[in-house]
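# Structural overview
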Amino acid sequence: MAFNFNWAPLTTSNTSSSAFYSHAKSLLTAALNKSQKPPIIVDDIFVEELNLGQSAPELEILEIGDLAEDRFRGIFRLGYDGDAFLTLRTKVQVNPLNTYLSTTPSYTSPMPLAASSPLTIPLQITLSHFRLSGFIILVFSKAKGVTLVFRNDPLESLKVSSTFDTIPFIKDYLQEEIERQVRRLFQEELPVAVHRLSLRLWNPEYAASLGLDAHDPDPSSPIDGIEDGSGDDAMAALINPLLSPSDNSDTPSIAFSQKNLVALKELSEAQKTLSIRTPGISDAVFRVWASGGGSSSAGWERSVDAPSTLMGPRTYTFSDTGEAISSAASISSRPGLATSSSVSTGGGVSTPGTRTRGKKKKHRVVNLRPTKESTHSDPAPDKPTTSTTQTTITSAGRKEEDLPTPQTPTFPSPPQPQLIPSTPTTPTPTSSPFSQEERVVFESPVSPTSPFAAENITCSQTSPSEHRRPHLRTGSAHSSGILEQAFMKKLAHEMQKRIEEERRRRGVVGGASGKLWCEVERELAGVGLGAGIGVGMGMGMGIGGVGAPPAYRQ
Amino acid sequence: MLTYMDYLQNAFYRATSWDPDNSYVNLTATARALLDFPTPRGLKMDLSSLSTPKFGTSYSLSNLGVVDGSVSYLYSSLPLHNVHRSEEVDLHDVTMGYRQLEELRSPDNERFWEVWKGGVRVDGRNTLLFGRMYLPASTLEALYLRRMKPTTQFRITGVSDGRLKSGGTIMAMMQHDFGKWSGEYLYSTDGALIGARGLYNFGRDPRKQPNPPPRTSDEKAVGRFSMGAEFYYGILNKSAGMSTGLRYTTLPTHPNAPTTMTLTLTPLMGSLSATYAIKAGEAASFCSRFDFNMYSYESDLSLGCEVWRREDVEKEDFAGVLKARVSQTSGIGLLWEGRLKHLLFSLGAGIDLRRKDQLVRAVGLELQYSS
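Residues numbered from 1 in each chain as written. Chains lettered and ligands numbered in written order. Predicted model: local features only at pLDDT ≥ 70, side-chain atom pairs only at ≥ 80, totals over all residues. Heavy atoms only, no water.

If you look chain B up in an unreviewed UniProt entry, it shows as Mitochondrial distribution and morphology protein 10 from Tuber melanosporum. Note on chain B: under the UniProt heading Subunit (unreviewed entry), the record states "Component of the ER-mitochondria encounter structure (ERMES) or MDM complex, composed of MMM1, MDM10, MDM12 and MDM34. Associates with the mitochondrial outer membrane sorting assembly machinery SAM(core) complex." If you open the UniProt record of chain B and go to Sequence similarities (unreviewed entry), you find "Belongs to the MDM10 family." (UniProt positions renumbered as here; feature names shortened; annotations may be inferred.)

The name an unreviewed UniProt entry gives chain A is Mitochondrial distribution and morphology protein 34, with Tuber melanosporum as the organism. Database annotation for chain A, UniProt heading Subunit (unreviewed entry): "Component of the ER-mitochondria encounter structure (ERMES) or MDM complex, composed of MMM1, MDM10, MDM12 and MDM34." Turning to chain A, the UniProt record has this under Sequence similarities (unreviewed entry): "Belongs to the MDM34 family."

Okay, structure coming up:
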């Protein structure tokens, strides 16, 4: 999933772009001269020319690890190979002894007679041919601000040309030094600057310490059309501050393409109504949404004990550490959707209030990585540990386990006719089966005046102490079928890939050769069945799984 | 105006017959005194005393935005009897002006320094210790000066400051003065800088000829031509610097007005500086300097003068001196130094004509009292 930057206004030579450039130049000039300059630079630094080039950078969402109204964690990939350039002009002191004297205390200065006589030379430096490629980890927490970290050194190459290009020694020195500085800028100064800025915007205490007014991103009226029955756990909707436009609504700073908004709207409505027409997001894989703690352990056992019930979707259980992944091929082990539907039909045991209280621990992971990059997930799962999170919900979840689950068409498993009749399809948001539970709803804002304002990511509150465990997917009786299934597909694909590798390595052809192997394949078969491949298949499935697993083909 | 501690240090030089003018560093001392004099900023008060001939103290308080001060102590192993109080000190000793060089004198014979008592040599080497603490910045400056031989002086200066890299800096310098030539070798811990500089005087060697020279007008030297060079190399930052210089100055025996001309050259940086200073009578000196850089074509012309005001025409007593300088780059500087009752004062201002909004850059008044 990538961003589409509208770069054209910057490349055309109209008045708005020239105004932008002059504004950017003045901002950059001020920023360069604000901090204390090294003594070798004896004049102000002027930005002579700034051009962002013809091509836009590429920004790709690799993974969204956590998503809530007060926090966000995601991994992005940034790539740039364009023709942007920047020309700076200043004056430098080339006498090293003069620079030395300006830093050493005067009392111990050697006080040279004339050897420190200054020689200032105008210097013009052009930075061009930027090649950037880096992984950005962006963590947002309302309390702690935005943390932006480059996981690697994003600067691949950079060309420095200056007044001293004819002198190879100085040219090399400048190239080295400026590359070092740019690297430092990306890896040290930019994260600090972003963090400080975010603290100033979102942390009133920090802003107060600076004597500023904190910008409170909480909207006065939550755009949550659905009121939860229980007042204490009412979901506080929040416009995602990372995507929210600036305060002056007449100049929206971010505009989303109509096409994407339509697609997101479609997706949100599909979730609200449990419509089977869920639009697919291309190149996106959703990791597991959630699965019940108590029920998931039950699901695990069932998957081992009862391999005959391989039809239908599967439940993935993670231990607290997130290491173990098990799959169960039982329909009844999908507590999430079952719970939701049971609530809506009134057949549930627990009231919404108790349930929402029970869903304190929850962690959502949406993995948008291209499938070829995913290499983790052990096909032979460790011994699963029962999640310790569920206390009040386990009973409810277990009782609701047997309720049917709606099936979305994105998952190519055989149709399950018993699902649809039992699922209520009330389209009004207030009575949506997901309304009392966590939701990730991409929708256009309610306010009709700003149709492009933001995507509202409406989620329930989770206890902040839990969100520190990045791989904890605790069970909860709430779900999102699409994400779950998408993650299943991804897992199946990964497993198959692994098995293929393993098989190639061992030279195993045909049927299973070991006991463990059998188990793995049995698990796999649960996925494979969706494409009509049965238990005990050997090579056929393997071949199918090399490029795109059968479960992946739509 | 010199601080009291600098005045005491000069007194120590005089008492130990060390000539600081015979050094490459002071090749352009006259031009610096007339063109680069510092103007005081803010209000500063010095309270000093030489409580014993060997021990001096000085307290200083300045108000430049914030109030800060310094406490200084000085110890000299040689009693300084040539130090005067502020009400009777010669203003020429505490202000920097035209530097009239004297005839070179031969260094003392080492034997004259020996003191024997009962068959045992009891003489010591004269030492000066000095420390100054700046408050509240907690910067400490220290000086150790040892007159090792008639031709040699050893000098260590140090600064301790927590804001400096590695907490401080120490510079050690060995100085030789043989009259005919002098040399200095230094090492600084800041950047591991080593340096050497030397000055050679053409003409008569004071060590070889009888002193004073023959008084016949033909052989009498009326001027001195000197040449020197300096070289520095920072070991850690691998940077070097050097310069060479020439000076011609008239001696007191010269029939015309005293004149000093210097030419310094920094070959690596391509800069060249020529000065010309003349003392037009007892009460006025003028100086000009032309700087030029042959790489950047930057140039500067500076003009300066000092005019003494007589208190009493008959008594040859001076009440004050007005210094003025004008330069293309640093603007106009004005300084009036003098004595008011028991106080020495120094009133100055810096004016930058290029900046209309902030014409007067720095105004200051410095007061000194010593007893």
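### Concerning the environment of P40 of chain B
Residues and elements named next belong to chain B. Within the secondary structure, P40 sits in the loop between helix 2 (29-35) and strand 1 (42-52). Sequence separation between P40 and S346 is 306 residues, and the spatial gap between their C-alpha atoms is 7.4 Å. When neighbours within four sequence positions are excluded, P40 is seen to be in contact with L335, S346, L347, G348, V363, G364, L365 and E366. (Helix = DSSP H or I, 4+ residues; strand = E, 2+ residues; numbered from the N terminus. Contact = heavy atoms within 4.5 Å.)

### Observations regarding helix 2 (residues 15-34) of chain A
All names here are of chain A. For helix 2, which comprises 20 residues, the first-to-last C-alpha distance of 28 Å matches the rise-based estimate of 28 Å (1.5 Å per residue) to within 8%. Burial in helix 2 covers these residues: S17, Y21, A24 and T29. Looking down the long axis of helix 2, one finds its buried residues gathered within 135° of arc, a one-sided arrangement. For helix 2, the exposed residues lying more than 90 degrees away from the buried face are T15, L27 and K34. For helix 2, the elements touching its buried residues are helix 1 (8-11) and strand 1 (46-51). (Expected span 1.5 Å × (residues − 1). Buried < 20%, exposed > 50% of the residue type's maximum accessible area, 1.4 Å probe, protein only. Arc of directions from axis to C-beta.)

### Section: the nonpolar core
Among the nonpolar cores identified, the biggest contains 39 residues, and F72, F76, I125, L127, I136, L158 and I178 of chain A are the most heavily contacted of them. Top element by residues in this core is strand 5 (residues 120-141) of chain A. It accounts for 8 residues. Once residues lying within four places of it in the same chain are set aside, the contact partners of L127 of chain A are A84, F85, L86, L158, K159, V160 and I178 of chain A. Counting residues in hydrophobic clusters, the runner-up holds 26 residues, among them Y7, L8, Y13 and F318 of chain B. (Core = buried A, V, L, I, M, F, W, Y, C linked by side-chain atoms within 4.5 Å.)

### Some thoughts on the pattern of salt bridges
If you walk through the whole model with that rule in mind, you get 26 salt bridges over all chains. A salt bridge links R131 of chain A to E156 of chain A; the nearest nitrogen and oxygen atoms lie 3.3 Å apart. Linking R131 of chain A in strand 5 with E156 of chain A in strand 7 (residues 155-162), this pair joins segments that are 25 residues apart in sequence. Under the relative-accessibility criterion, R131 of chain A is labelled partly exposed at 35%. The partner of R197 of chain B in a salt bridge is E184 of chain B, and the shortest N-O contact between them spans 2.6 Å. With a gap of 13 residues between them, R197 of chain B in strand 11 (residues 193-201) and E184 of chain B in strand 10 (residues 181-188) connect regions that are remote in the sequence. (Salt bridge = Lys/Arg side-chain N within 4 Å of Asp/Glu carboxyl O.)

### Digging into the packing of aromatic side chains
Summed over all chains, the structure comprises 11 aromatic pairs over all chains. Ring plane angle 25° and centroid distance 6.0 Å describe the contact between F55 of chain B and Y73 of chain B, whose orientation is recorded as stacked. Taken as a pair, F55 of chain B in strand 2 (residues 55-64) and Y73 of chain B in strand 3 (residues 66-76) lie far apart in primary sequence, 18 residues in all. Exposure remark for Y73 of chain B: the relative accessible area of 39% places this residue in the partly exposed category. Taking the centre distance of 5.5 Å and the plane angle of 40° together, the rings of F202 of chain B and F225 of chain B count as tilted. One end of the pair, F202 of chain B, is in the loop between strand 11 and strand 12 (223-234); the other, F225 of chain B, is in strand 12, and 23 residues separate them in sequence. Accessibility expressed as a relative area gives 37% for F225 of chain B, which makes it partly exposed. Among the aromatic side chains, those forming a connected cluster through ring pairs are Y200, F202 and F225 of chain B. For R151 of chain A, the ring lying beneath its charged end belongs to F135 of chain A, and the centroid distance is 5.9 Å. (Phe/Tyr/Trp six-rings, centres within 6.5 Å; stacked < 30°, edge-to-face > 60°. Lys NZ or Arg CZ within 6 Å of the ring centre and 35° of its normal.)

### As for a nonpolar patch on the surface
Residue and element names in this part refer to chain B. A contiguous nonpolar patch, built from L47, F55, Y59, Y73, Y75, L129, L340, L343 and Y369 and spanning about 800 Å² of accessible area, is present on the exposed surface. Counting through the fold element by element, Y369 comes out in strand 21 (residues 360-370). Residue class for Y369 comes out partly exposed when judged on its relative accessible area of 32%. (Patch = residues over 30% accessible without salt bridge, like charges linked within 9 Å, V, L, I, M, F, W, Y side chains within 5 Å. Areas by Shrake-Rupley, 256 points an atom, 1.4 Å probe, with all protein chains shown as cover.)

### Concerning the confidence of the model for chain A
Residue and element names in this part refer to chain A. For chain A, the average pLDDT comes to 62, and 44% of its residues sit at 70 or higher. Segment residues 290-361: pLDDT under 50, and 208 contacts once partners within four positions in sequence are set aside and those in other chains are kept. Between residues 508-514, whose pLDDT stays under 50, and residues either more than four places distant or in other chains, the model counts 11 contacts. (pLDDT = per-residue confidence, 0-100.)

### Considering the environment of L61 of chain B
Residues and elements named next belong to chain B. The topology assignment puts L61 in strand 2. Accessibility expressed as a relative area gives 47% for L61, which makes it partly exposed. Measuring from C-alpha to C-alpha, the distance between L61 and Y134 comes to 9.9 Å, with 73 residues separating the pair along the chain. Residues contacting L61, with those up to four places away along its chain left out, are L43, K44, M45, V67, D68 and G69.

### Some details on the side chain of S141 of chain A
Structurally, the position occupied by S141 of chain A is in strand 5. Setting aside anything within four residues of it in sequence, one finds S141 of chain A in contact with D70 and R71 of chain A.

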